[in-house]
Amino acid sequence: MAEKKATAKKATKAAEPKAAAAKKTTVKKAAPKGAAKAVIAINAENAGFKAGDVYQALAAAEKALTVKEIAKAAKISEEETLLGLGWLFKEGKLANDGEKVTLA
């Protein structure tokens, strides 16, 4: 009988790592169908072009805009808009009120 208990303990111990390994699962969210990954080349030339797009959108609007509004007006992604905004902020061309951005 003692042998059966020892064998049962060994079997349980052997099964524990497998059960623990089975519990460790990684869940990856699938990208929506048809969603394309945007690739942004971050270099001085591209940042300068995006800054020009952002500046033109703000100049045409003649009012403060949110990042989403600027992206829509300039027909560029929000990431590209942020790249252009960074350039323009560094140059001292922009002012913001916390939510919206306008030309300085």
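This section reports on the structure supplied with the text.

### Let's talk about the overall build of the protein
A tally of helices and strands in the protein yields four helices and two strands. In sequence order, the secondary structure elements of the protein are arranged as α-α-α-α-β-β. For the protein, buried positions account for 19% of its 104 residues. The contacts in the protein between residues at least 6 apart in sequence include a share of 51% that link residues at least 24 apart.

### Some remarks on unusual backbone geometry
We note that E62 has phi near 55°; this positive angle belongs to a residue other than glycine. When you line up the elements, E62 lands in the loop between α2 (44-61) and α3 (67-74). In this structure, K75 takes a positive phi of about 60° despite not being glycine. On the secondary structure map, K75 appears in the loop between α3 and α4 (78-90).

### Notes on the environment of A74
Positionally, A74 belongs in helix α3. Here the alpha-carbon distance between A74 and G52, two residues 22 residues apart in the chain, equals 9.5 Å. Ignoring anything within four residues of it in the chain, the contact list for A74 reads D53 and A57.

### Focus on the nonpolar core
In terms of nonpolar packing, the biggest core is built from 12 residues, these being A51, V54, A57, L58, L65, I70, A74, I76, L85, L88, L94 and V101. When residues of this core are traced back to their parent elements, those giving at least two are α2, α3 and α4. Ranked by the residues each element gives to this core, the list is headed by α2, at four residues. Once residues lying within four places of it in the same chain are set aside, the contact partners of L88 are A51, V54, Y55, K93 and L94.

### Regarding the pattern of salt bridges
Oppositely charged side chains are able to pair whenever their charged atoms sit close together. This structure, assessed with the given rule, holds one salt bridge. Two residues, E80 and K50, come together in a salt bridge whose shortest N-O distance is 3.6 Å. One end of the pair, E80, is in helix α4; the other, K50, is in helix α2, with 30 residues separating them in the sequence. You can call E80 buried: its relative accessible area is 17%.

Calculation criteria
- Residues numbered from 1 in each chain as written.
- Predicted model: local features only at pLDDT ≥ 70, side-chain atom pairs only at ≥ 80, totals over all residues.
- Heavy atoms only, no water.
- Helix = DSSP H or I, 4+ residues; strand = E, 2+ residues; numbered from the N terminus.
- Buried < 20%, exposed > 50% of the residue type's maximum accessible area, 1.4 Å probe, protein only.
- Contact = heavy atoms within 4.5 Å.
- Core = buried A, V, L, I, M, F, W, Y, C linked by side-chain atoms within 4.5 Å.
- Salt bridge = Lys/Arg side-chain N within 4 Å of Asp/Glu carboxyl O.

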